[in-house]
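In case you want the letters, here they are:
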Amino acid sequence: MAEAIKTAWPSLVWDEWAATADTLHIWTQIVGKTRLALTPLQNHWWNVPLYVTARGLGTSAMPYGDDVLDIEFDFVAHELHLRLGSGQALAMKLRAQTVADFYKEYLGCLASLGVTVKIDPMPCELAHPIRFDLDTEHQSYDKEYVQRFWQVLVETEKVFRQFGTDFLGKVSPIHFFWGSFDLAVTRFSGRLAPPRPGADAIQREAYSHEVISAGFWPGNGGYGAAAFYCYAAPVPEGLAEAKIRPTAAGWDKTLGEFIFRYEDVRAEASPEASLLEFLASSYEAGANAAKWDREALERQ
């Protein structure tokens, strides 16, 4: 039995599963781009992420003609399920295979279900993207580490839900962004944000309003370690000097956000309580520095 099933906060050392994480990241982009193609735009791109499920990560129901389609990564049985509301369903085995082979098999499954979707074959937010149909480089799949990653997402979502109970303002769903490969939840002050210099269309939509966002990501993008984060956009003056809790968490000058490393969370007597303390104190630091109307936005 994998450690992820036995331990709520399993070890997730980046170097031990980086190849699998990189492969899985691209696979989630293929499924995520399907959701992007089949759903109408919501504010801040809320129509594109995936969601944590009881078995892995899924799209939720997406409209397709007179039917609905949902797609779910099952990290318990290690299968990708494609299901139509009308009853047809197919499953792909999740195993070590190239992105190109996964993409070909995936498109074949969609075609077998009678689903036609136009997907941009170029990955997003990667330093060296390779077209899905040409990517024979990424081909790793470690079942145990995939389960560990999913288990961390499950436990993280539980804490995020508890964190959200006292906030009355606009808040995002707790969702998994396949571009950056992270689980995130975002709070809004209700005020427009100034234009971001050099922002593309994606960033303009995502950061059209003032936000404080918290999340978890496994260490991709060059960071090299799993961590929880919290940032404010735009960054208010003095935020970097704010003191947050617990003591193991703090401001990362390079990233420009608060960081609480996953291994430090695991080392706490109560990882759940410590993570909740990090989320609350980093939000308070950002909201105070940005002069949010906390009396109106929070349950008193």
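Residues numbered from 1 in each chain as written. Predicted model: local features only at pLDDT ≥ 70, side-chain atom pairs only at ≥ 80, totals over all residues. Heavy atoms only, no water.

If you check an unreviewed UniProt entry, the protein chain appears there as Ava_C0101 and related proteins from Edaphobacter dinghuensis.

(A) Here's a closer look at the pattern of salt bridges. This structure, assessed with the given rule, holds 14 salt bridges. For Arg-148, the salt bridge is made with Glu-144, and the minimal N-O distance between the two is 2.4 Å. Of this pair, Arg-148 and Glu-144 both sit in helix 4 (residues 143-163), 4 residues apart, roughly one helical turn. Accessibility expressed as a relative area gives 7% for Arg-148, which makes it buried. Of the charged contacts, one joins Glu-155 and Lys-158 as a salt bridge, the two residues approaching to 3.2 Å between their closest N and O atoms. Residue Glu-155 and its partner Lys-158 are both found in helix 4; the two are separated by 3 residues, about one turn of the helix. Salt bridges linked by common partners bring Asp-70, Glu-72 and Arg-83 together as one network. (Salt bridge = Lys/Arg side-chain N within 4 Å of Asp/Glu carboxyl O. Helix = DSSP H or I, 4+ residues; strand = E, 2+ residues; numbered from the N terminus. Buried < 20%, exposed > 50% of the residue type's maximum accessible area, 1.4 Å probe, protein only.)

(B) Seen up close, the pairing of strand 8 (residues 182-192). Most of strand 8 is tucked away: 8 of the 11 residues are buried. In this sheet, strand 8 lies alongside strand 7 (residues 175-177) in antiparallel orientation, the contact comprising 3 bridges. Bridge pairing links Phe-176 to Leu-183 in strand 8. A loop of 4 residues connects strand 7 with strand 8, the two strands running antiparallel in sequence, and Phe-181 in this loop sits at a positive phi of about 65°. The sheet contact formed by strand 8 and strand 9 (residues 209-217) spans 7 bridges and is antiparallel. Among the inter-strand pairings, Leu-183 is bridged to a residue of strand 9, identified as Phe-216. (Pairing = 2+ DSSP bridges.)

(C) Empty space enclosed by the protein, seen in detail. Enumeration according to the criterion identifies 1 cavity of 30 Å³ or more in this entry. In this structure, the largest cavity encloses a volume near 30 Å³. If you trace the largest cavity, you find it lined by Phe-163, Val-185, Arg-187, Ile-212, Ser-213, Ala-214, Cys-230, Leu-279 and Tyr-283. Listed by contribution, the elements that provide at least two residues to the lining of the largest cavity are strand 8, strand 9 and helix 7 (271-289). (1 Å grid on protein atoms, 1.4 Å probe; cavity = no way out; pocket = protein on both sides within 12 Å on 5 of 7 lines; lining within 4 Å. Points joined across faces, edges and corners; volume = space filled by probe spheres on them.)

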